[in-house]
Amino acid sequence: MVNQQLSTPTTASRKQTLIIVGNGMVGHHFAEQLVESGALAGFDVTIFGDERHRAYDRVHLSEYFSGRDAQSLALCDADYYQTHGIELRSGEAVTAIDREAQVVMTAQGRYSYDQLVLATGSFPFVPPIPGNDSEGCLVYRTLDDLDAIQAAAKNATNGVVVGGGLLGLEAANALRGLNLDTAVVEFAPRLMPMQVDSEGGELLKEKIEALGVQVLTERATQRIEPGDTSRLRMVFQDDTVLETDLIVFSAGIRPQDTLARECGLTLGERGGVVIDNQCRTSDPNILAIGEVALWNQSIFGLVAPGYQMAKAAVATLTGGDTCFNGADMSTKLKLLGVDVGSIGDAHGTQHPGARMFRYLDPLTQVYRKLVVTSDGKKLLGAMLVGDNSVYDTLLQYYANGIELPKEPASLILPQQSGAAPALGPDALPQTAMICSCHNVTKGTICSAIDAGAADLVSVKGATKASTGCGGCTALLKSVVDHELEARGVEVDKSICEHFAHTRQGLYDIVRVEGIKTFSELMEKHGNQETHRLGCDICKPAVASILASCFNEPITDAAHVPLQDTNDTFMANMQKNGTYSVVPRIAGGEITPDKLVVLGQVAQKYQLYTKITGGQRIDLFGARLEDLPAIWGELIEAGFETGHAYGKSLRTVKSCVGSTWCRYGVQDSVGMAIQLENRYKGLRAPHKIKFGVSGCTRECAEAQSKDIGIIATENGWNLYVCGNGGMRPRHAELFATDLDDEQLYRTIDRFLMFYVRTADRLQRTSVWRENLEGGLDYLKEVILEDSLGIGAELERQMQHVVESYQCEWANAISDPEKLKRFRSFVNDARPDPSIIMTSERGQLRPA
């Protein structure tokens with residue numbers, strides 16, 4: 001080990017002294033590669049980190065404000081370095097490098113090296129604005145920076161982020177998470193100017209402003225001065241002003257190259273340590289990796305290229321042949337909950353003659369752009385705002401030079417408009433990059449399988465694929481399953497280790513054999529060599545199957561142990577340990593008397609109230625021990641459970657229809673109420689949402705629901721398998737001009753067939769995409785009864801309808817069931833850790 005006295009490698013150890021300057025994500029990954037390659041046999045390694053924390057995950061830095069701490073963000077256990085014989089000197093910054101003597105200096109001493117690796121990263125750029133050092137002006141880069149922001153926010157009501165790029169929007173999300181009124185100020189004409197064009201930027205601005213974040217573009221701050229109503233005032237180039245209590249600069253990064261500059265290493269014109277393909281600097285004994293390194297006039301500000309440099313640097317030190325040849329800067333992001341994707345030459349400026357396709361849906365706020373070669377055969381770039389669901393497919397076309405479909409636009413069109421299907425694993429070449437974080441190709445995965453990796457877990461262990469950001473998990477699984485099946489290996493699709501069956505197989509067993517308890521199912525069909533109590537995968541799945549088949553109360557003693565937290569207490573647990581109370585308001589129709597009761601209950605129990613997008617009124621902040629009393633009052637007033645906690649029917653949204661609207665052609669409210677009351681007891685593999693519109697103007701947004709009904713002059717048009725959320729999908733037209741009875745019968749069959757055949761936690765949209773034969777097959781089964789099971793499906797649904805009972809009414813009538821509603825088994829007092837604060841006249845979690 002090195003110490004404060006100059007040390008040189010001894011003949012006995014035959015080890016070289018290796019010093020790593022920087023303990024960020026890339027510096028840590030370099031150390032990991034040393035460990036995994038066995039290189040530590042030839043080196044004594046010391047890492048200097050100027051932060052007091054060991055290496056942590058900067059990618060998820062904003063989660064620090066939502067409960068994560070330095071320990072949970074750390075990239076390794078506290079004893080990782082010591083276990084592997086690496087000395088970590090945290091909080092000890094290197095202040096100088098003497099290249100001639102091969103010595104680094106810190107405030108604590110001088111340390112000799114044989115090989116030196118610079119992984120000093122970058123620092124946040126603060127524009128040279130007069131007043132930028134005022135109290136309340138901060139940066140967003142490290143955990144200490146976040147501590148400073150958090151402390152300043154305690155005495156602030158609003159905050160501004162200077163910079164509308166990736167880091168700026170992350171900082172804005174952090175301020176918003178601290179409950180500050182937030183604004184973003186960007187010098188360029190649009191947000192994220194490097195990733196999106198004017199159309200995409202305008203849509204991104206709309207989506208972010210809809211979240212309550214003010215966006216000011218084309219604003220150059222001239223000076224910062226004391227404010228009148230707030231701590232600070234920003235004065236812009238047109239003399240307009242913006243007052244704020246807090247300013248966070250997140251206007252880009254600059255390479256942390258001071259050490260390199262002062263010791264005479266070759267730098268680029270705009271900074272950055274020049275490196276070659278082996279990550280060597282102009283000094284053969286010094287390497288540079290990560291954001292401090294300049295390769296081919298480029299600084300790579302993403303984690304994945306830094307990891308690739310780390311691998312190349314280890315190869316350089318150990319005589320390997322891995323080189324750094326640049327990196328793809330394509331990115332898939334979620335900023336303030338908004339999807340943004342950028343692939344290759346997304347602006348189309350690097351390829352003269354390139355052709356472009358654009359798709360813009362202002363209603364769903366989705367923008368997609370393709371940049372293709374002049375002959376339309378190869379993808380040069382892509383841009384996505386509002387929906388990244390096609391990102392992985394487009395990236396594979398781009399990264400592997402795969403020839404595009406005959407109509408390239410089909411790749412960005414909605415699915416019902418004839419969009420091209422996603423690339424299957426067999427279409428990907430061996431060089432296809434599956435995991436960019438760890439540089440894992442399809443060929444690497446195939447090699448791991450050939451070497452004995454026989455399942456997804458072992459492939460992850462052998463290649464590290466999907467252990468970084470996790471964005472490649474779905475693609476990795478499809479590649480692994482495909483390659484195993486291609487080798488004649490039967491892919492285990494068992495629901496878990498306790499049952500050698502799929503969810504569909506378990507459903508059939510339960511239905512055919514009339515099994516009504518988990519213990520009986522385990523006894524007859526479970527794996528007797530595993531733990532017979534089951535797990536968090538099979539227990540909720542079996543609970544759902546039993547409820548779907550027999551509709552017995554989930555609160556019965558035999559079923560309670562199978563439920564997750566939300567179903568156990570029949571309420572959704574919130575972030576501070578309180579629960580939500582969501583009574584059913586069928587079709588959004590409610591009497592004044594019931595409105596009064598909701599207000600009285602909310603007032604009595606100090607609950608936060610909100611009208612939802614599903615036309616219900618949710619009450620938040622209920623303590624566990626108060627739930628029975630709250631529901632007692634609601635049930636007495638005529639309410640019943642809204643099943644917001646269950647994988648079941650949630651809501652049936654409707655417009656006012658022909659009753660009030662001059663455009664309405666059918667009574668959409670009446671139909672919505674009929675449907676909600678009919679299917680309110682149905683348990684399913686996942687949540688189900690309906691919408692009923694009284695005319696084709698579609699005010700109830702029925703085509704974004706699992707079941708969508710739109711009125712026509714002749715009856716009802718039925719749409720199926722749509723959903724909103726993270727991966728929106730329009731529902732598809734299934735049947736037209738149905739009368740009421742035909743509509744009920746068709747939905748009965750459709751839902752029970754979904755319950756019977758879908759996988760666990762599979763929405764109708766995903767089920768439809770994976771269903772062999774697609775929509776045509778579904779129409780044959782449901783509308784034409786090709787399998788001869790139509791009457792059986794109707795009978796099963798009728799049993800659910802006739803056996804419905806409100807789960808909360810069942811629970812509060814049974815003293816034994818009420819015993820569960822206590823925060824502590826041995827203490828009747830309320831949970832003291834629940835602390836609330838007031839905001840906009842209501843209580844919220846502190």
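Above this note sits the structure.
Residues numbered from 1 in each chain as written. Predicted model: local features only at pLDDT ≥ 70, side-chain atom pairs only at ≥ 80, totals over all residues. Heavy atoms only, no water.

**Here's the deal with the sheet that holds strand 32 (residues 688-693)**
- A sheet is described by the order of its strands in space; here 5 strands give the open sequence 31-32-33-34-35, paired in mixed fashion. In this open sheet, the two edge strands, each paired with only one partner strand, are strand 31 (649-654) and strand 35 (732-738). For this sheet the average axis-to-axis angle between neighbouring strands, irrespective of direction, equals 15°.
- Bridge count for strand 32 against strand 33 (residues 707-712) is 4 bridges, and the pairing is parallel. Counted as the bridge partner of Gly-691 is Gly-708 from strand 33.
- Sheet strands touched by helix 19 (residues 668-679): strand 31, strand 32, strand 33 and strand 34 (715-720). Its angle to strand 31, the strand with the most contacts, is close to 175°. (Pairing = 2+ DSSP bridges. Helix = DSSP H or I, 4+ residues; strand = E, 2+ residues; numbered from the N terminus. Axes fitted to C-alpha atoms, helices over the stretch in contact; angles between N-to-C directions. Contact = heavy atoms within 4.5 Å.)

**Some thoughts on the side chain of Arg-749**
- Along the polypeptide, Arg-749 turns up in helix 20 (residues 740-757).
- Looking at Arg-749, the relative accessible area reads 14%, which means it is buried.
- Once residues within four sequence positions are removed from consideration, Arg-749 is found in contact with Ile-782, Asp-785, Gly-790, Leu-793 and Glu-794. (Buried < 20%, exposed > 50% of the residue type's maximum accessible area, 1.4 Å probe, protein only.)

**Some thoughts on the pattern of salt bridges**
- Taken as a whole and assessed by the stated rule, the structure comprises 40 salt bridges.
- The residue Arg-487 makes a salt bridge to Asp-450 at a minimum N-O spacing of 2.8 Å. Note that Arg-487 is positioned in the loop between helix 12 (473-486) and helix 13 (503-513) and Asp-450 in helix 10 (residues 442-450), a separation of 37 residues in sequence.
- Salt bridges sharing partners connect three or more residues here, namely Arg-223, Glu-225, Asp-228, Arg-233 and Glu-243. (Salt bridge = Lys/Arg side-chain N within 4 Å of Asp/Glu carboxyl O.)

**Concerning the packing of aromatic side chains**
- Across all of its chains, the model carries 16 aromatic pairs by this definition.
- Judged by centre distance (5.2 Å) and plane angle (40°), the ring pair of Trp-808 and Phe-821 falls under tilted. Of the two residues, Trp-808 is situated in helix 24 (residues 807-812) and Phe-821 in the loop between helix 25 (815-818) and strand 36 (836-839); the sequence distance between them amounts to 13 residues.
- Under the relative-accessibility criterion, Phe-821 is labelled buried at 3%.
- Through pairs of rings, three or more aromatic residues link up here, namely Phe-569, Tyr-579, Trp-631, Trp-808 and Phe-821. (Phe/Tyr/Trp six-rings, centres within 6.5 Å; stacked < 30°, edge-to-face > 60°.)

**Brief notes about unusual backbone geometry**
- We note that Asn-296 has phi near 50°; this positive angle belongs to a residue other than glycine.
- Overall, the relative accessible area of 58% leaves Asn-296 in the exposed class.
- Even without a glycine there, the phi angle at Met-570 is positive, about 50°.
- One can find Met-570 in the loop between helix 16 (565-568) and strand 28 (579-581).
- Here Met-570 falls in the buried class, since its relative accessible area comes to 1%.

**Comments concerning helix 13**
- Taken as a whole, helix 13 has its buried residues at Arg-503, Gly-505, Leu-506, Tyr-507, Ile-509 and Val-510.
- In the core, the buried residues of helix 13 are packed alongside helix 14 (518-525), helix 15 (538-550), helix 20 and helix 23 (790-802).
- Once helix 13 finishes, Gly-514 follows within two positions and takes phi at roughly 65°, a positive value.

**Describing helix 19**
- Helix length check: helix 19 (12 residues) gives 16 Å between terminal C-alpha atoms against 16 Å at 1.5 Å per residue, within 8%.
- By the burial criterion, the buried members of helix 19 are Ser-668, Val-669, Met-671, Ala-672, Ile-673, Leu-675, Glu-676, Arg-678 and Tyr-679. (Expected span 1.5 Å × (residues − 1).)

**A short note on the pairing of strand 24 (residues 366-372)**
- Of all 7 residues that make up strand 24, 7 are buried, and the element is covered over most of its length.
- Where burial is concerned, the two faces of strand 24 agree: the one with Val-366, Arg-368, Leu-370 and Val-372 and the one with Tyr-367, Lys-369 and Val-371 are both buried.
- Here strand 23 (residues 355-361) runs beside strand 24; their pairing, made up of 7 bridges, is antiparallel. Each bridged residue has a counterpart across the sheet, and for Arg-355 the counterpart in strand 24 is Val-372.
- Hairpin geometry of strand 23 and strand 24 is characterised by an intervening segment of 4 residues between the two adjacent antiparallel strands and by a positive phi of about 55° at Gln-365.
- When strand 24 meets strand 25 (residues 379-385), the two strands line up antiparallel, connected through 6 bridges. Considered in strand 25, the bridge of Arg-368 is made with Leu-384.
- Hairpin geometry of strand 24 and strand 25 is characterised by an intervening segment of 6 residues between the two adjacent antiparallel strands and by a positive phi of about 75° at Gly-376.

**A word on the packing of helix 10 against helix 11 (residues 456-463)**
- Contact geometry of helix 10 with helix 11 gives a least axis separation of 10 Å together with a crossing angle of 115°. Taken together, helix 10 and helix 11 sit at an angle that is classed as roughly perpendicular. Between helix 10 and helix 11 the crossing geometry is right-handed. Here Thr-444, Ile-445, Ala-448 and Ile-449 of helix 10 lie close against helix 11, whose contacting residues are Val-459, Ala-462 and Thr-463. (Parallel < 35°, antiparallel > 145°, perpendicular 65-115°, else oblique. Left-handed = near helix turned anticlockwise from the far one by under 90°.)

**Notes on the pairing of strand 11 (residues 181-186)**
- The buried fraction of strand 11 is high, at 5 of 6 residues.
- Inspection of the sheet shows strand 10 (residues 158-162) paired to strand 11 by 5 bridges, in the parallel sense. Along strand 11, the bridge assignment pairs Asn-158 with Asp-181.
- Read as a crossover between parallel neighbours, the route from strand 10 over helix 5 (residues 166-177) to strand 11 is right-handed.
- Judged from the 4 bridges that link them, strand 11 and strand 12 (residues 214-217) form a sheet pairing that is parallel. (Right-handed = clockwise from strand over helix to strand, strands pointing away.)

Any link to function would need more than the numbers given here.
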